[in-house]
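Structure at a glance
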Amino acid sequence: MGELSPPPIRKLPLSGDGARVVETPEPNGVPAPGLVSAARRKAVPPSSLAIERMRVEELSIAYGRKLAVDSVSLPIRQGEVLALIGPSGCGKTTLLRSLNRLTELTPSAYMRGSITLDGEDTLALDPTALRRRVTMVFQQPNPFPMSVFDNVAYVLREQASRRPRKRDLRDSVRQALTRAGLYDEVAADLDHPALRLSGGQQQRLCIARALAVDPEVLLLDEPCSALDPQSTQVIEDLIVQLREEVAVVIVTHNLQQAHRIADNVGFMYLGQLVEYGRAEQVFGAPREQRTKDYVSGAFG
Amino acid sequence: MSQPAHLDAEPKRLLPDQRAEVALGALACAVLLFVALLIVFVFREAWPSFSHNGLAWFGSGGSVDRQIQAIFTSGDLKQESLYTFHAWPIVWGTLVITVGAVALSFVSALFVSVFIVEFAPNWMRRILEPVVRLLASVPSVIYGLVGVLVVVPFIAEHVITDGNRRSVAYIVSLSGYSLLAGVLILSVMIAPLMIAVFVDGLRVVPRGWLEGSLGLGINRWRTFWKIGVRAARPALVAGTVLATARALGETVMLAMVTGGVGFAPNPADGLIFFIEPTRPFAATILQTVEELSSPPMRDTIFAMAAVLLFSSALLSFAGWAAKQPMKRYGARG
Amino acid sequence: MKDSSASWRFSDRIGLAFAWFLGVLFLVVAGAIVVFMFVQGIRYIRPELFVTPPAAGFSESQTGGFLDPLLGTVIVAVLAMAMAFPIGVGVAVWLSEYGRPSALARATESTIEMLAGSPSIVFALFGTLLFASPALAFLSRTNDGVVYGRSFFAAAAMLSLIALPLIVANVREGLQAIPSHVREASYAVGKTKFATTRRVLLPAARPSLVTGAMLGVGRIIGDTAVIVVLLGATLRFNGVGGTPLLGTLRGTGSTLTTYVYSNAPTGESNQPTKAYAAAFVLMMMVLALNFAVDVAVRRQRRLGWGS
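Below is a short write-up of the structure. (Residues numbered from 1 in each chain as written. Chains lettered and ligands numbered in written order. Predicted model: local features only at pLDDT ≥ 70, side-chain atom pairs only at ≥ 80, totals over all residues. Heavy atoms only, no water.)

1. Notes on the overall build of chain B
Along the backbone of chain B there are 14 helices and 0 strands. Ordered by position from N to C terminus, the α and β elements of chain B give α-α-α-α-α-α-α-α-α-α-α-α-α-α. In terms of principal-axis extent, the alpha carbons of chain B reach across some 70 × 60 × 35 Å. Here chain B, with 333 residues, has 54% of them falling under the buried criterion. (Helix = DSSP H or I, 4+ residues; strand = E, 2+ residues; numbered from the N terminus. Buried < 20%, exposed > 50% of the residue type's maximum accessible area, 1.4 Å probe, protein only.)

Here you go:
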């Protein structure tokens, strides 16, 4: 199951004459056994082992009387990017937000089924602690009205049980910014107001923030929809790089993007998980008719 | 302000509109002129008192009450008018009361506002908001009445001890009419003003920031305090300026409960500091206003009014200046 | 919110407890004030007080009621509003719809703000200067060639300065909330800006006009400082000259606020029972106004322009 080199980034046309089949190892449908103890992922060597981090079982979410997610089950693995695709209003954002219990911010939300993180039921965990292990980057970049440094440091300061030393903070901030691929651009002036960065930089700052706490799972809700193509590409490269270190779940309505960066794809329609599988299978040879229709652009 | 472009390009000016614009503009000018006149006249009447005393006007030296008496009688007797006036006890009293009330109010108002916007259960919010509005509209004379009939006797009986009275017996008498009564009631008066402005400011903090912080695993309390309150800093400044202006200008209530003596409470007295009487500027003016007929007295009173006017202008400016650096990091003005 | 506070750090929980404590304390203090005034007011209020003029005296039975002060409050409110409202609406319309040159507009805004932040006692003092001048002698009594300068006119004029910023702020907000397509529609059929304002915008902004006026009245009836200085501090109306209404307005009198002030233990008359009764009436007026403002604001939100 393991590879010696990172999986190639696929840039395939969807179908038709230009389609090429890339040599990839046999997809293994059986996920690796999850870690029993809550060992931090740093103990796991950075290989391209696909380790199951979270599991969603028969999850249904309703807002009041409206069913937003209907009996969805899928695994989320570190080492892989999971893309949730589907037309607007199909429930993919709701599903994403339920992974870190942000759905609870809406009073009328009601959930059934289970979500486990490293074997633990997320509902049994404290939501704040959960959200440090499963962090989120939103569609609209939302850097805080502070400097670049403070944006990242904020998260570190607020989570430490004791006031961290400035030196430690600086190292952690630099590390987070480097992981997000932003450090070189802002190193000159870390006190620069975050709101004055460009859109792409702001979003990478948000990713840096999300990484600063060393999460196990990174959730991205259409992170590039507000950005220009160059920034989008930078962030997509970043996401693929990051998947070795964190499990990545990305919601996107951009099929090409999903095709570019996803390892696994879940297609959702009207709250149901219509199809789930490896990216080349869902895009190349979808099993369901609805999937085929969506992927080929019959409806959007 | 909407200026439709096509009207500006109209070659034929519609007369009623032109007349209206000029008339309304003249109205605005008239208001400006009136206020300018007000400022000029107040300072003009105040000038003799300042010029006679120089900077010592604000200093200490002698009993303010006796000086007031002397000034007043000097006008009557048609002799060389006396202007000697060292207002330090009044300055000190005004400062302590204003700063004390604003500080007390600020802390309470901030917590109550955060509570109202984010943490209060719905039923509590529905009660608190009208109550805040109600408290803001109660006339100050009623606060004064409650103060005189409830707070002052309470202080006189339960807070002041005989030992306290004896220790300052030769300087001032402790009757319950005190700095403490003034500060407490003034805080209750200005807190609703602050709360109203703070709540408005907290409510418009973009949800994206709050959600972003929650999504990073920061709990609701810290999220709201570190991000929400920080983003609402301009509103905090605005509310504080508004409340301080009100505190400076509060006349009737303070005249009723602070004791009516031009005495500077002495911090060296320890805790007794709080139960000593005093009288801030506005209250002094109110209680000496019958003596306006005597020219030197009138000048002195106007001098006090000029100080008040100048302070409130300074306050607005300070508020504006405090908001400027906040714009750098993106806090909305 | 399922995010219970049990997991927070200890200092955070203390913070929340403190917020709760202050919220409750606030309610308790407010409730105590209102209940206290209510209870004492009910104890001492009697129908005769409403119709008997006050009189000088020593005991409760001798000092009469508060008819004159009550009327005085109403007179002063009406008169001051009559001055403040047109000016306030005019300035608000100018700022919102015209506002050229912009330097003048900014100066006007700052001035109105300045008025809002200044103590009313300063206005009162200026009033003594203004109304003591011979030019305005007709507005008050003249004793031996010295213009007295204290009358209902004088007091109302200075009180209008207190209400002015409130009216301007509210009307301006109301006008600015009207979306521009409404104005454009009116101009497009050839109406002048003035006609548009008069026929379309002001009627549409009526809730703000009402709110501004009511808030202004609230401030006016609650003020004591200006009245003490400029109304002459006579318990009863002391009219000047023969004309029925004008004579009273040129004369001196008192309002509920000065009545309470002088009947408080710190005042000259020192009749606490009367003070309670008058304070009760004043509170009721303020509460009624407050309630009316709440209703108006809620209606405005419901009928508003939405998004």
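Okay, back to it.
2. Overview of the packing of helix H5 (residues 122-137) of chain B against helix H8 (residues 179-203) of chain B
Residue and element names in this part refer to chain B. Put simply, H5 and H8 touch, their axes get as near as 8 Å, and they point 130° apart. The angle between H5 and H8 places the two elements in the oblique class. Considering only the axes of H5 and H8, their crossing is left-handed. Together, Arg125, Glu129, Val132, Leu135 and Ala136 of H5 and Val188, Pro192, Ile195 and Arg203 of H8 make up the contact between the two elements. Broken down by class, the residue content of the contact of H5 with H8 amounts to 6 nonpolar, no polar and 3 charged. (Axes fitted to C-alpha atoms, helices over the stretch in contact; angles between N-to-C directions. Parallel < 35°, antiparallel > 145°, perpendicular 65-115°, else oblique. Left-handed = near helix turned anticlockwise from the far one by under 90°. Contact = heavy atoms within 4.5 Å. Nonpolar A, V, L, I, M, F, W, Y, C, P; charged D, E, K, R; others polar.)

3. Description of the side chain of A:Gln203
Residue and element names in this part refer to chain A. Secondary-structure assignment places Gln203 in helix H6 (residues 199-212). Given a relative accessible area of 0%, Gln203 falls into the buried group. Only 2.9 Å separates the side chain of Gln203 from the backbone oxygen of Phe138, close enough to count as a polar contact. Discounting chain neighbours no more than four positions away, the residues touching Gln203 are Val137, Phe138, Gln139, Pro141, Pro223, Leu227 and Ile235. (Polar contact = N/O pair within 3.5 Å; in protein donor to acceptor, adjacent residues only side chain to side chain.)

4. Describing the packing of aromatic side chains
Within the structure shown, the criterion is met by 25 aromatic pairs over all chains. Between the aromatic rings of B:Phe106 and B:Phe198, the centroid separation amounts to 5.7 Å while the plane-to-plane angle is 80°, which identifies the pairing as edge-to-face. With B:Phe106 in helix H4 (residues 88-119) and B:Phe198 in helix H8, this residue pair connects regions lying 92 residues apart in the sequence. According to the relative accessible area criterion, B:Phe198 is buried, its value standing at 0%. Look at B:Phe273 and B:Phe274: their rings are 5.2 Å apart centre to centre, the planes differ by 75°, and that puts the pair in the edge-to-face class. The partly exposed category is assigned to B:Phe274, whose relative accessible area is 38%. Pairwise contacts between aromatic rings join B:Phe111, B:Phe119, B:Trp221, B:Phe224, B:Trp225, C:Phe18 and C:Phe21 into one cluster. The ring centre of A:Phe144 lies 4.1 Å from the NZ or CZ of A:Arg209, which sits over that ring. (Phe/Tyr/Trp six-rings, centres within 6.5 Å; stacked < 30°, edge-to-face > 60°. Lys NZ or Arg CZ within 6 Å of the ring centre and 35° of its normal.)

5. Details of the packing of H6(A) against helix H7 (residues 229-242) of chain A
Residue and element names in this part refer to chain A. Remark: H6 packs on H7, axes separated minimally by 9 Å, with the N-to-C direction vectors making an angle of 20°. Accordingly, the angle class assigned to the pair H6 and H7 is roughly parallel. Taken as a pair, H6 and H7 cross one another with a handedness that is right-handed. Within the contact between the two elements, H6 uses Gly200, Gln203, Arg204, Ile207 and Leu211 and H7 uses Ser231, Val234, Ile235, Leu238 and Leu242.

6. Re a nonpolar patch on the surface
Together, B:Trp123, B:Ile127, C:Trp20, C:Val24 and C:Val28 give the surface a local cluster of nonpolar side chains, amounting to about 460 Å² of exposed area. Within the residue set of the nonpolar patch, elements represented by two or more residues are H5 of chain B together with helix H1 (10-44) of chain C. With 3 residues, the top contributor of residues to the nonpolar patch is H1(C). (Patch = residues over 30% accessible without salt bridge, like charges linked within 9 Å, V, L, I, M, F, W, Y side chains within 5 Å. Areas by Shrake-Rupley, 256 points an atom, 1.4 Å probe, with all protein chains shown as cover. Salt bridge = Lys/Arg side-chain N within 4 Å of Asp/Glu carboxyl O.)

7. Section: the interface of chain B and chain C
Of the residues lining the interface, 80 residues belong to chain B; the matching set on chain C comes to 80 residues. The junction of chain B with chain C conceals about 7300 Å² of combined surface from both sides, 79% of it contributed by carbon and sulfur atoms. Connecting chain B to chain C are 3 salt bridges. Applying the counting rule to chain B against chain C returns 5 residue pairs in polar contact (both at pLDDT 80 or more). Examining the composition of the side of chain B that touches chain C, we find that 18 residues originate from one element, helix H2 (residues 15-53) of chain B, more than from any other. Within the side of chain B that touches chain C, the residues separate by chemical class into 61 nonpolar, 12 polar and 7 charged. (Buried area = accessible area lost by both parts, 1.4 Å probe.)

8. Observations regarding unusual backbone geometry
With the exception of glycine, the majority of residues adopt a negative phi angle, and the majority of peptide bonds are in the trans configuration. C:Arg100 connects to C:Pro101 through a cis peptide bond whose omega is -10°. Positionally, C:Pro101 belongs in the loop between helix H3 (67-98) and helix H4 (102-117). Positive phi is not limited to glycine here, since A:Glu222 has a value of about 45°. With phi around 50°, A:Leu270 is a residue other than glycine that occupies positive phi space. Examined against the element boundaries, A:Leu270 turns out to sit in the loop between strand E9 (264-269) and strand E10 (272-278).

9. Let's talk about the side chain of B:Thr223
All names here are of chain B. Summarising the element assignment, Thr223 is placed in helix H10 (residues 220-231). Thr223 sits in the buried class, given a relative accessible area of 3%. A polar contact is formed between the side chain of Thr223 and the side chain of Ser213, at a distance of 2.9 Å.

10. A closer look at the interface of chain A and chain B
Listed as interface residues are 27 residues of chain A and, on the opposing side, 21 residues of chain B. Regarding the contact of chain A and chain B, the summed buried area is about 2100 Å², with carbon and sulfur atoms giving 61% of it. Contact with chain B buries area across many residues of chain A, yet A:Pro145, A:Tyr154 and A:Glu158 alone supply 28% of it, more than any other trio. Remark: the boundary between chain A and chain B carries 3 salt bridges. Viewed at the interface, chain B and chain A are joined by 8 residue pairs in polar contact (both at pLDDT 80 or more).

11. Re the pattern of salt bridges
Residue and element names in this part refer to chain A. Inspection of the entire model under this criterion finds 28 salt bridges over all chains. Notably, a salt bridge pairs Arg55 with Glu52, separated by 2.8 Å at the nearest N-O pair. Residue Arg55 is classed as partly exposed on the basis of its relative accessible area, which comes to 26%. Residue Glu52 is classed as buried on the basis of its relative accessible area of 14%. Here Glu104 makes a salt bridge to Arg101, at a shortest N to O gap of 2.6 Å. Considered together, Glu104 and Arg101 belong to a single accessibility category, that of buried residues. Through salt bridges with shared partners, a single ionic network connects Arg53, Asp118, Glu120, Arg133 and Glu216.

12. Concerning the nonpolar core
Formed by 240 residues in total, the largest nonpolar core has its most connected members in A:Leu177, A:Ile207, B:Trp57, B:Leu186, C:Phe66, C:Ile121 and C:Met158. Broken down by element, the residue count for this core peaks at 16 residues, all from helix H6 (residues 152-176) of chain C. Filtering out sequence-adjacent residues up to four positions away, B:Trp57 remains in contact with B:Ser49, B:Phe50, B:Phe85, B:His86, B:Ala87, B:Trp88, B:Phe281, B:Ala303, B:Met304 and B:Val307. (Core = buried A, V, L, I, M, F, W, Y, C linked by side-chain atoms within 4.5 Å.)

13. A short note on the environment of C:Gln40
All names here are of chain C. For Gln40, the position within the fold is in helix H1. A sequence separation of 235 residues divides Gln40 from Ala275, and the C-alpha atoms of the two residues are 9.8 Å apart. Reaching out from Gln40, the side chain makes a polar contact with the side chain of Tyr276 at a distance of 3.2 Å.

14. Some thoughts on the pairing of E9(A)
All names here are of chain A. Extensive coverage of E9 is indicated by the burial of 5 of its 6 residues. Where strand E3 (residues 81-85) lies against E9, 4 bridges are found, and the strand directions are parallel. Following the sheet pairing, Leu82 is matched in E9 by Asn264. Where E9 and E10 come together, 6 bridges link them in antiparallel fashion. Paired with Tyr269 across the two strands is Gln272, which belongs to E10. Where E9 hands over to E10, the hairpin turn is made up of 2 residues, of which Leu270 adopts a positive phi near 50°. (Pairing = 2+ DSSP bridges.)

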